[in-house]
Amino acid sequence: MSATTAGGGRIELTDLCKRYGSGPLVVDHVSIDIAPGEFITLLGPSGSGKTTTLNMIAGFTDITSGSIKLGGRDIAPLPPHRREFGMVFQNYALFPHMTVAQNVAFPLRERKVPKAETARRVEETLRLVDLEGMGGRRPDELSGGQQQRVALARAVVFSPSVLLLDEPLSALDRKLRQSLQQEIKRLHQELKLTFVFVTHDQDEAMSLSDRIAVFNAGRVERIGTPADLYRDPGTRFVARFLGESNLFPGRLRPGGVYEWAGHKWAVPDADGTPAGRDLIVRPERLRLAATPGEVPDGANSIAATVTTLSFQGTHQRAELDYGDGSTGSAVLPPDATDGIRAGGRVTAYWDPAHQVLVTPPAEAAPASAAPDPRTIKENA
Amino acid sequence: MPAPTAPPETAGAAVPAGRAPARPRPAARRRAAALFLLLPALVALGVFFVLPLLDIVMRSFTDPEPGAGNYLSLFTDGYTLRVLGRTLLVALIVTVAGVLLAYPYAYMMTLASPTTRAVMVTVVLVPFWTSMLARNFAWMVLMQDGGVVQGLLSLVGLNGVRLLGTTTGVAVSMIQVLLPFMVLPMYSVMQQIDRRLLLAGQSLGASRLSSFRKVYLPLSLPGIVSGASLVFVLALGFYVTPALLGSPQGALIAQVIAVRTRELLDFGGAGALGVFILVVTLISLGVSRRLAGSGAASGAAHVMAGGGGR
Amino acid sequence: MNARPWLKIVSVLIGLFLTVPTLVVIPMSFSASKTFRFPPEGWSLEWYERLFTAPEWSTSIVNSLQVGLLTTLLATTLGTAAALGLQRLGPRARGLATGLLLSPIIIPHILIALVIFSAFLRLGLSGTLSGIALAHTAMALPFVVIAVTARLQGMDPALQKAGGSLGANPFSVFRKITLPLALPGVLSGAVLAFISSFDEVVIALFLQSPSALTLPVQMFNSVTVQIDPTISAASSLMVVLVSVPILLAQVIGARRGKAGRQR
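Residues numbered from 1 in each chain as written. Chains lettered and ligands numbered in written order. Predicted model: local features only at pLDDT ≥ 70, side-chain atom pairs only at ≥ 80, totals over all residues.

Visitor: Please provide a residue-by-residue account of the overall build of chain C, values included.
Guide: When you go through chain C residue by residue, the secondary structure sums to twelve helices and zero strands. When the helices and strands of chain C are read in sequence order from the N terminus, they spell out α-α-α-α-α-α-α-α-α-α-α-α. Here chain C, with 263 residues, has 53% of them falling under the buried criterion. (Helix = DSSP H or I, 4+ residues; strand = E, 2+ residues; numbered from the N terminus. Buried ≥ 20, exposed ≤ 12 C-beta atoms within 10 Å, placed from the backbone.)

Structure below.
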């Protein structure tokens, strides 16, 4: 009945803002359009507004301005229990005085689902998360991973159109985290719900999401598929947050030339407007040559000192020092050791097609400046 | 206060049409619920405690006649001043003796194994909640003439020591009765002290004793202060022990209040004594709060209320 | 453990000082003598018989039970509601309200007795059992507030959110999640409220009348007004009756404490 909202799980956030008292905006004009069945991740460091945004979607925090629509209907005035979203919490939030089955049955009992139907759906859902036969246990008799699976079962058993997940894996250790990631991914594929996932872990975000919205200081700094964001982060913040990079904070000069600390590099696709930009190269795109003569024609290059070289099984990592206070790293095949050793001088080079220019943080920008369309629209 | 209108810099993103107006916000609803839930208890306390207290303070200045007469007579009738002095002295002795006894016990509690500690907590909690009268009656039996205490004292050569009806007897049993109030705040502070600090002190060249004196003692001071102020305040207004074990000649302030209230119906005079106790109480608690913070006292309160088993 | 031997010995002695003197009331209660001589010279059950058959004693027991139960009911209801209310306040208001609610615990009883006696004389509540129960309610409130608050603070706030997100309305969340989880705190608060009332002497002494004598007042009078060894039987019973619930509360608290607490 109420669970089948017309329009499925499409969520539209429009100019969503939150401020506490007369403080600054902690969520600053967030607009995201989430398609039905999409797995979207709100990614950002703590304090970036991602959790507040999720709490506003769930109805635990009221909105200061803007709108939240589900399937075209404004849900901002609805209390949490009338929003029909499943939610999974960081510390599981299983009811300690109920058994696993009672926990999973809770949302059905609240909806006055008949007993037999409830029992059938509880069993079915426990099977879905691989917890068959565990219904009689108490939550404190389960491992962390099992508890989180119960929480997942409880959040989807009433067939909500949207599942909200608030850092559900952060309380688990690394190994469990990975197996639960697979579990969540599988659930998403089987249930075809809209998933809104909050995390500060970029690897988690990359491996799970259809799209990622990167939050910084209350705003969505950039939104896109994991591959897009990795290839073309757009801003220094996103570039730093999504994996490592060799980053040179220089300027774009007229004529397709990039300049940093006396180095000049070719930028073939530059539009010719001079501007302060960061040039970044991902470690796996960087090559190392023992002598400058080995650098192929047309590549951009820079001299570097190898500070450490470490063997990692599938690859080697070289930590590099470019001078002028700039450091970076390169990932090498496990057997590429010719003339490269810790403490030695090398020439790092890359194909200009593999470099990306991103926007550095605006200089001395006031805390909540006027909305600036640059971050999202620029690279469209 | 939730800002109802959009601030200037967000004016472009004004509230879109369709947002429901004037829904009571969760914060406002919470406040209303809080008030609704708190009101009965606050009213009960107000009617049965706060208002009567204000009334007594008023009466101490107006009954039998307006002015500070009740207070002046505390200092001029010769008798009351002696009672006040005796009460303060007893309270002080009980407090000091309490600190000396409670400190090693509480310290031992932090060293003991979990089981031993549970036993030690129970040993403190059971007397805390056991009938005040039963405990004082027990002392009465032990201290009576020809009783067990006299027998023990004569074994060590002290013959015919009278305890029942003396201030010494009162003080001894008050120490025992009030000891749990001293142990609990001390323990709640001490269990939070990282014992490795003592080892660190020793590794830096301090002897075991001086490491204890310079590291542990200062850290445990908040527990001492809040335990001591609590016991001092309670001792000041203690009634049952002096009434059962003391004598009218050696009366303490609580006995005088009882006589004035119940037998003489002199609410003005009793009120003045009560205000004296109240002021000393508030000063001691204020001093203790300044020196020790409120954490120690509330921690102790939790132990008292049965959370102490862990 | 690395405690010095002298510390262990001192601790044992202090533990004995805390417990042993009180235990003399138990052999005393089986004494055959009409005096308080100790150790008793002969044995009998006379004082227990008197405690339950002599009208002044049996009435006072019934009175104390009535006052205790009424106090428990009132203090537990008001105190639990207040503790729930405190959770919904901002930090400043909560500090203030907590201070007020806990104040009876730190104000000397003699002062409370004086204050309540004078007020109740005017209100016509002095000398009535319900008056004593009302005064005891004000005294017992802090214990309930502390016990319930401790329980609520140990609770993961996400549990209530989870209830809401799963479709339970606020009342349903309260009934099915908050209340069951707070119940051990409510129960131990109730036990403490009962004990604090059942054992209270000073206020009951001030508010007493021939028709409103509680057991502690009767005990007090039995040594100050006349010499009646029945007090030893009453004391023994009270020691046992008061200790047992505490031990139970400790055990239950330790066992239940594990559940529902996220640390």
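Visitor: So, the overall build of chain B: which residues are in play, and what are the values?
Guide: Helix and strand counts for chain B come out as 13 helices and zero strands. Of the regular secondary structure in chain B, the N- to C-terminal order runs α-α-α-α-α-α-α-α-α-α-α-α-α. Relative to its 310 residues, chain B shows a buried fraction of 47%. Here the contacts in chain B between residues at least 6 apart in sequence split such that 76% fall between residues at least 24 apart. (Contact = placed C-beta atoms within 7 Å.)

Visitor: Can you tell me about helix 1 (residues 5-23) of chain C, naming the residues and giving the values?
Guide: Between its terminal C-alpha atoms helix 1 of chain C stretches 27 Å, which fits the 27 Å expected from 19 residues at 1.5 Å a residue. When we look at burial in helix 1 of chain C, the residues that qualify are Ser11, Ile14, Leu18, Pro21 and Thr22 of chain C. (Expected span 1.5 Å × (residues − 1).)

Visitor: Explain unusual backbone geometry to me, and be specific about the residues and the numbers.
Guide: Even without being a glycine, His29 of chain A presents a positive backbone phi close to 50°. One can find His29 of chain A in strand 2 (residues 25-34). Assessed through the 22 C-beta atoms surrounding it within 10 Å, His29 of chain A is described here as buried. Backbone geometry places Leu265 of chain B, a non-glycine residue, at a positive phi of 50°. With respect to the helices, strands and loops of the structure, Leu265 of chain B is situated in the loop between helix 11 (253-263) and helix 12 (267-292). Residue classification places Leu265 of chain B among the partly exposed positions, given that 13 C-beta atoms sit within 10 Å.

Visitor: Give me the sheet that holds strand 10 (residues 219-224) of chain A: which residues, what numbers.
Guide: Two pairing modes exist for strands in a sheet, parallel and antiparallel, and in both the strands are linked by backbone hydrogen bonds. All names here are of chain A. Reading across the sheet, the six strands line up as 6-7-8-3-9-10 and stay open at both edges, with mixed pairing between neighbours. Sheet topology places strand 6 (85-88) and strand 10 at the edges, where each strand pairs with a single neighbour. On average, each strand axis in the sheet is tilted by 20° relative to the strand beside it, whichever way the strands run. In terms of strand pairing, strand 6 meets strand 7 (residues 162-166) through four bridges, oriented parallel. Bridge pairing in strand 7 links Met87 to Leu164. (Pairing = 2+ DSSP bridges. Axes fitted to C-alpha atoms, helices over the stretch in contact; angles between N-to-C directions.)

Visitor: Help me get a handle on the interface of chain B and chain C, residues and values and all.
Guide: Residue-level contacts link 74 residues of chain B with 77 residues of chain C. With 16 residues, the single largest contributor to the side of chain B that touches chain C is helix 1 (residues 26-62) of chain B. Within the side of chain B that touches chain C, the residues separate by chemical class into 54 nonpolar, 15 polar and five charged. (Nonpolar A, V, L, I, M, F, W, Y, C, P; charged D, E, K, R; others polar.)

Visitor: Go over the UniProt feature "transmembrane region" (unreviewed entry) in chain B, please, and point to the residues and values.
Guide: Residues and elements named next belong to chain B. UniProt tags residues 33-54, 83-106, 118-143, 163-187, 215-240 and 267-287 as "transmembrane region" (unreviewed entry). Here residues 118-143 is 92% helix and 0% strand, with 31 Å between the C-alpha atoms at its ends. The span residues 215-240 is 88% helix and 0% strand, and its two end C-alpha atoms sit 40 Å from each other. (UniProt positions renumbered as here; feature names shortened; annotations may be inferred.)

Visitor: So what's going on with the UniProt feature "transmembrane region" (unreviewed entry) in chain C? Residues and values would help.
Guide: Within the UniProt annotation, "transmembrane region" (unreviewed entry) is assigned to residues 61-84, 96-120, 132-152, 181-207 and 231-253 of chain C. Between the C-alpha atoms that bound residues 132-152 of chain C the distance is 30 Å, and the span itself is 100% helix and 0% strand.

Visitor: Break down the sheet that holds strand 14 (residues 275-281) of chain A for me, citing the residues and quoting the values.
Guide: Residue and element names in this part refer to chain A. The antiparallel open sheet is built from five strands, whose spatial order is 13-12-11-14-20. Unpaired on one side and paired on the other, strand 13 (263-266) and strand 20 (356-358) mark the two borders of the sheet. Taking each pair of neighbouring strands and ignoring which way they run, the sheet shows an average axis angle of 40°. Across four bridges, strand 12 (residues 257-260) lies against strand 13 in antiparallel orientation. When the sheet's bridge partners are listed, Val257 is paired in strand 13 with Ala266.

Visitor: I'd like to hear about the nonpolar core, residue by residue, with values.
Guide: Counting residues in each nonpolar core, the largest one holds 265 residues, and the members touching the most others are Leu178 and Ala235 of chain B. The residues that make up this core include at least three from each of domain 1 (11-228) and domain 2 (244-364) of chain A. Filtering out sequence-adjacent residues up to four positions away, Ala235 of chain B remains in contact with Val90, Ala91, Val94, Thr95, Met174 and Leu178 of chain B. (Core = buried A, V, L, I, M, F, W, Y, C linked by C-beta atoms within 7 Å. Domains from an automatic or database assignment.)

Visitor: Can you explain the confidence of the model for chain B? Please cite residues and give values.
Guide: Residues and elements named next belong to chain B. Confidence in the prediction for chain B averages 80 pLDDT; 85% of positions are at 70 or higher. Least confident of the elements in chain B is helix 13 (residues 295-307), whose mean pLDDT is 50; most confident is helix 3 (residues 79-111), at 92. In the model, residues 1-22 has pLDDT below 50 throughout and makes 30 contacts with residues more than four positions away in sequence or in other chains. Low pLDDT (under 50) marks residues 305-310, which in the prediction has 24 contacts with non-local residues, meaning those over four places away or in another chain. (pLDDT = per-residue confidence, 0-100.)

Visitor: Kindly report on the pairing of strand 18 (residues 326-332) of chain A, identifying the contributing residues and their values.
Guide: All names here are of chain A. Here strand 17 (residues 316-323) pairs with strand 18 via seven bridges, running antiparallel. From the neighbouring strand, Ala318 faces strand 18, where its bridge partner is Ala330. Hairpin geometry of strand 17 and strand 18 is characterised by an intervening segment of two residues between the two adjacent antiparallel strands and by a positive phi of about 55° at Asp324.

Visitor: So what's going on with the UniProt feature "domain: ABC transmembrane type-1" (unreviewed entry) in chain B? Residues and values would help.
Guide: The UniProt record annotates "domain: ABC transmembrane type-1" (unreviewed entry) at residues 84-288 of chain B. Helix makes up 80% of residues 84-288 of chain B and strand makes up 0%, while its end C-alpha atoms are separated by 22 Å.

Visitor: A description of the confidence of the model for chain C should follow, citing residues and the corresponding values.
Guide: All names here are of chain C. For chain C, the average pLDDT comes to 86, and 92% of its residues sit at 70 or higher. At the low end of the mean pLDDT range in chain C sits helix 12 (residues 230-257), at 74; at the high end sits helix 4 (residues 55-87), at 93. In the model, residues 257-263 has pLDDT below 50 throughout and makes eleven contacts with residues more than four positions away in sequence or in other chains. Interface confidence in the predicted complex, given as ipTM, is 0.83; pTM for the same model is 0.77.

Visitor: How would you explain helix 9 (residues 170-198) of chain C if you had to name every residue and give the values?
Guide: Taking 1.5 Å as the rise per residue, helix 9 of chain C with 29 residues should run 42 Å; its terminal C-alpha atoms sit only 37 Å apart, a clear shortfall. Within helix 9 of chain C, the axis deviates most sharply at Leu183 of chain C, by approximately 50°, and proline Pro184 of chain C lies no more than four positions further along. (Bend = angle between axes of the 7 residues up to and from the residue.)

Visitor: Just give me the short version of the pairing of strand 10 of chain A, but keep the residues and values in it.
Guide: Residue and element names in this part refer to chain A. Along strand 10, six of the six residues are buried, which leaves the element largely enclosed by surrounding structure. Pairing geometry for strand 9 (residues 211-216) and strand 10, over five bridges, is antiparallel. Bridging from a neighbouring strand, Asn216 pairs with Arg219 of strand 10.

Visitor: A description of the environment of Pro268 of chain A should follow, citing residues and the corresponding values.
Guide: Tracing the backbone through its elements, the reader meets Pro268 of chain A in the loop between strand 13 and strand 14. Contacts of Pro268 of chain A, omitting those with residues within four sequence positions, involve Gly256 and Pro352 of chain A.

Visitor: Requested: an account of the packing of helix 4 (residues 114-129) of chain B against helix 7 (residues 167-190) of chain B, with residues and values cited.
Guide: All names here are of chain B. Running from N to C, helix 4 and helix 7 point in directions that differ by 135°, and their axes come no closer than 9 Å. Accordingly, the angle class assigned to the pair helix 4 and helix 7 is oblique. Pair helix 4 / helix 7 crosses with left-handed handedness. In this structure, helix 4 contributes Val124, Pro127 and Phe128 to the contact, and helix 7 contributes Pro180, Val183 and Leu184. (Parallel < 35°, antiparallel > 145°, perpendicular 65-115°, else oblique. Left-handed = near helix turned anticlockwise from the far one by under 90°.)

Visitor: So what's going on with the environment of Thr53 of chain A? Which residues, and what values?
Guide: Residue and element names in this part refer to chain A. Structurally, Thr53 is set in helix 1 (residues 50-58). For Thr53, a count of 28 C-beta atoms within 10 Å corresponds to the buried category. Setting aside residues no more than four positions away along its own chain, Thr53 makes contact with Leu16, Val27, Val30 and Leu42.

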